[in-house]
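The primary structure of each chain is shown beneath.
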Amino acid sequence: MTGSQIEVRRFCYRYSHSAAQWALRDIDVKINAGEYVLLCGASGSGKSTLVRALTGLIPHVYDGVIEGSIAIDGVDTRARPLADWFTRIGVVFQSPQWQLFNSTVARELAFGLESLGYQPAVMWRRIGEVAAQLGIEHLLERNPQQLSAGEQLLVALGTVLAVGVQIIVLDEPFANLDGMHVVRVQTILRTLHQQGVTVIVAEHRTGLVVADATRMIVLHRGQIALDGPPLQVLAHDIRPFHLEPLLPVQIGRALGLDPLPLTVEELLARVDQQRLAEVYVPSVIPSRSPNGSPLLSAHRLSCAIGQRQLLADVELHVYAGESVAIVGANGAGKTTLIKHFNGLYRPQRGIVRVVGRDTRTTPVSVLARYAGMVFQSPDDQLFTTCVRDEVAIGARTMRMFDPERLAEVLRTFQLEQLAHRSPFTLSTGEKRRLTLAAAIMIDPPILVLDEPTTGLDWPARQALAKYMGEQIAVGRTIVVVTHDLDFASTVASRWLVMSGGRLVAEGSSVDIMRCQSVIAAANLMVSDRCRLTQALRGNDSVSATSVRQGEEPYASTPSRSTG
Amino acid sequence: MPALHLDPRAKTVIALIWTFAMTVVESVVALIIGLAPILVIVYWSGQQPAFLRWLRLVTVMIAGWVIIALLTLDWQIAVQIGLRILVLASIFFVFLRTTSPEDLGGAWQQMGVPFPIVFLLTASLQYVGVMEHRIRQIIDAQRARGIPLEPGWRALRFYPALLVPLLVQSLTAAEHLAAAMEVRGFGRSGRSQLVAYRWRYRDTVAVGVTLLAASVLVFE
């Protein structure tokens, strides 16, 4: 025994399908019982691979070349079969829907207990305890595949807790969650940590975890770049590792605060508005006044499936050149609404008009020319052998193909270098860029994006915001559906707030953020940027913000520090 | 509804007996009598709308066989074939609608069928709904960019647009499922069951009555 709960010694790993590239190199780390570790890094930094290695999936499920070792409680993970580890260490994967395979939540929670040979009475008692702990008692008889992303994550967490693990590893748990579920999962993880459970969260959005974590490990290109208490790690510039610097930390640094504030609340408690305004300048997205007749409109739009009302009397108008964000929690009806914009769903009641065309009578193939749509999962549409063909296929099908336009689109979206690559080999950010390019290829006057930031790391998110900014600048009308309010405030001048299938509020981001009742009703999670903007310029039409140039340089160049 | 509260093993046996009987009986009257209890169960369990949707699906198949029989044999055999397919399809419908895959698998497991085989059945049935949802999402995503995947001949040319993403996602799902199973102790021996299935008196009675009725129909 070494005293550490997890001990990783000079661990290197290479996937069997990757001939030369090491996914992890020289990982040397000890994690003690009761730590709350934030494992962060950009896409491709090795987070998911390290999660697989820590939980024994490497080498028991994933083949590859291994050097070094990983021991849990002093026992090498290779020494015992994977089935022997699951009562010690549990994992919640990035996409919980693929982790759930039973017909009811109760059976899902029971699966691990059944593996351990428990009697039914014991299992039912344990299921009840875990369900109460997670607040999912009402879901026990539901089919896990029919739950929202947030509920699925709670169930996946429940499957791990049911067998009483002492180490929980979560891979990007917040990726698909709305505000309400983010707060709920944060609270649950905090409580588990207080109860002595070791919590390891792999997440690139550091702000969601850093305030609770006791330790922060930054991975970069398969190696540990920084390791230590969050305050110590955040004293370094984390941008070279493609991680978004926390706004309160940035401002704290610019103001010379010591220790650095990790949350907006902490910052606002220590700094008055005047000092804040010295270093923090909100930038403004001017809202456009309505010009002419709307390009896109819905009048008393309603939609129901069985007894479930998905949309109720939705009334909206989007004008040419506007950038509008439709925000709301999971299940609020956002995706159902936008599927009416190109005729995928026909109005059951009410009217939707796109560039003057009634969607009840216009074919989808015609509407697709006016409303280009980019759905949440790029994997739903990629099927050709190279990026170039993928961008061109829609235009070719509609007989609108123009080689010059293709070259221009590939250039605009920086896809020229990737033009002959298989779309399936691209990163998530590159795939998103590709699907955006494919939609722009037919030059639609309206561009609709469904949750475009899901799964994107900071550089990819910034690139997406930049491309969208360019499209707005050339006068394209943008409708973006998102529960990422930070992104919404960066790209949209007007917000439409949805809750329970209804449009409950409409206005600038600041107007919406000021209205607590709307935030509560729609389960919105207010981002740091929005809260700071509101604190500074509450009454103005302010959206995106930035820290003033000339702030103090970061403490050091990237190097590893161990706390 | 007593018919729906039977042990899954009893339901399996009853379905097999009735399927065998409806396969060997020759008279149209026997087939109609064989259909009657199925319709009663459908009505009793409130499955009429789903049953009508199911009928719409099998009508094409029934019509095809009836037309072939009319052209090659005679109208009596055509009616018999049509009715037989209808009854068999109805048995299949009632069995699937009143028995969850997990109940069926659980009962088999209790009978000594190895868990990996039971899991193969239940998990694959569980994923049918998931893949249906994925198919709808893929079709929507492709139609949204002008690729015609609406039902029709034109769509055939573009079927790779559906099949390639579906295949890729199926492989991903299989990989995730394998990992999820392993980290929850799938390979351990000494597995227990959350739900214990008990063969009751009423199961014996139900199987006995079915056997008797089937014997009467077959031998009379």
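All values reported here derive from a predicted model rather than from experimental measurement. (Residues numbered from 1 in each chain as written. Chains lettered and ligands numbered in written order. Predicted model: local features only at pLDDT ≥ 70, side-chain atom pairs only at ≥ 80, totals over all residues.)

Thoughts on the overall build of chain B
If you tally the helices and strands in chain B, you get nine helices and zero strands. Along chain B, helices and strands appear, N-terminal first, in the series α-α-α-α-α-α-α-α-α. Its C-alpha atoms give chain B a radius of gyration of 22 Å, more than 25% over the compact-globule value 17 Å for 220 residues. Overall, chain B is about 60 × 55 × 30 Å in size when its C-alpha atoms are taken along their principal axes. Once local pairs closer than 6 in sequence are excluded, the contacts in chain B between residues at least 24 apart make up 70%. (Helix = DSSP H or I, 4+ residues; strand = E, 2+ residues; numbered from the N terminus. Rg over C-alpha atoms; globule rule 2.2 N^0.38 Å. Contact = placed C-beta atoms within 7 Å.)

Brief notes about the overall build of chain A
Helices and strands together make up the secondary structure of chain A, namely 20 helices and 22 strands. Taken over the C-alpha trace, chain A has a radius of gyration of 24 Å; the compact-globule value for 563 residues is 24 Å, and the two agree within 12%. The principal-axis extents of the C-alpha atoms in chain A amount to approximately 75 × 55 × 50 Å. Across the 563 residues of chain A, 53% fall into the buried class. In chain A, 70% of the contacts between residues at least 6 apart in sequence involve partners at least 24 apart. (Buried ≥ 20, exposed ≤ 12 C-beta atoms within 10 Å, placed from the backbone.)

Thoughts on the packing of helix H6 (residues 115–143) of chain B against helix H8 (residues 160–182) of chain B
Residue and element names in this part refer to chain B. At a minimum axis separation of 10 Å, H6 and H8 run at an interaxial angle of 140 degrees. For the pair H6 and H8, the crossing hand works out as right-handed. For the pair H6 and H8, contact is made by Ala123, Tyr127, Met131, Arg134, Ile135, Ile138, Ile139 and Gln142 and by Ala161, Leu162, Pro165, Leu166, Gln169, Ser170, Ala173 and Leu177, respectively. A breakdown of the residues in the contact of H6 with H8 according to their chemical character gives twelve nonpolar, three polar and one charged. (Axes fitted to C-alpha atoms, helices over the stretch in contact; angles between N-to-C directions. Left-handed = near helix turned anticlockwise from the far one by under 90°. Nonpolar A, V, L, I, M, F, W, Y, C, P; charged D, E, K, R; others polar.)

Concerning the domain arrangement of chain B
Residue and element names in this part refer to chain B. Examined at the domain level, chain B breaks down into domain 1 (2–99 + 196–219) and domain 2 (105–182). With four residues of domain 1 at the contact, the number on the domain 2 side is four residues. Among the residues making up the side of domain 1 that touches domain 2, the classes are represented as two nonpolar, no polar and two charged. (Domains from an automatic or database assignment.)

Let's talk about the domain arrangement of chain A
All names here are of chain A. Splitting chain A by domain gives domain 1 (33–60 + 81–244), domain 2 (245–280) and domain 3 (292–362 + 479–547). Look at where the C-alpha atoms of domain 1 and domain 3 centre, and you get two points 31 Å apart. Taken together, the contacts link nine residues of domain 1 with eight residues of domain 3. Taken together, the elements giving at least two residues each to the side of domain 1 that touches domain 3 come down to helix H5 (149–162) and helix H6 (179–194). For the side of domain 1 that touches domain 3, the element with the most residues is H6, which contributes four residues. Looking at the side of domain 1 that touches domain 3 residue by residue, the classes come out as four nonpolar, four polar and one charged.

So, the sheet that holds strand S9 (residues 215–220) of chain A
Residues and elements named next belong to chain A. The six strands lie next to each other as S6-S7-S8-S3-S9-S10, forming an open sheet whose pairing is mixed. Unpaired on one side and paired on the other, strand S6 (89–92) and strand S10 (223–228) mark the two borders of the sheet. Across the sheet, the axes of successive neighbouring strands diverge by a mean angle of 15 degrees, strand direction being ignored. The pairing of S6 with strand S7 (residues 167–171) spans four bridges and is classified as parallel. In the strand pairing of S7, valine 91 is matched with valine 169. With respect to the sheet, H5 is in contact with S6 and S7, its orientation differing from that of S6 by roughly 170 degrees. (Pairing = 2+ DSSP bridges.)

Describing the pairing of strand S19 (residues 477–482) of chain A
Residue and element names in this part refer to chain A. Counting buried residues in S19 gives six out of six residues, a clear majority hidden from the surface. With burial as the criterion, each face of S19 is covered, one bearing Thr477, Val479 and Val481 and the other bearing Ile478, Val480 and Thr482. Two strands pair when backbone bridges link them, and strand S14 (residues 323–327) and S19 are joined in this way by five bridges, in the parallel orientation. Each residue of the ladder has a partner; that of alanine 325, found in S19, is valine 480. In this fold, the crossover linking strand S18 (residues 446–450) to S19 by way of helix H16 (residues 458–473) has right-handed handedness. (Right-handed = clockwise from strand over helix to strand, strands pointing away.)

Topic: the packing of helix H3 (residues 105–115) of chain A against H5 of chain A
Residue and element names in this part refer to chain A. Put simply, H3 and H5 touch, their axes get as near as 8 Å, and they point 35 degrees apart. The hand of the H3/H5 crossing is right-handed. On the side of H3, the interface is formed by Val105, Glu108, Leu109, Phe111, Gly112 and Leu113, while H5 contributes Val155, Gly158, Thr159 and Ala162. In terms of residue class, the contact of H3 with H5 is made up of six nonpolar, three polar and one charged.

Regarding the nonpolar core
Residues and elements named next belong to chain A. Of all hydrophobic cores here, the largest spans 107 residues; its most connected members are Leu38, Leu39, Leu157, Val169, Val201 and Val218. Those residues in contact with leucine 38 that lie beyond four places of it in its chain are Val201, Glu203, Thr206, Val209, Val210, Ala213, Met216 and Pro230. Ranked by size, the runner-up nonpolar core spans 87 residues in total, among them Leu415, Ile446, Leu485 and Met513. (Core = buried A, V, L, I, M, F, W, Y, C linked by C-beta atoms within 7 Å.)

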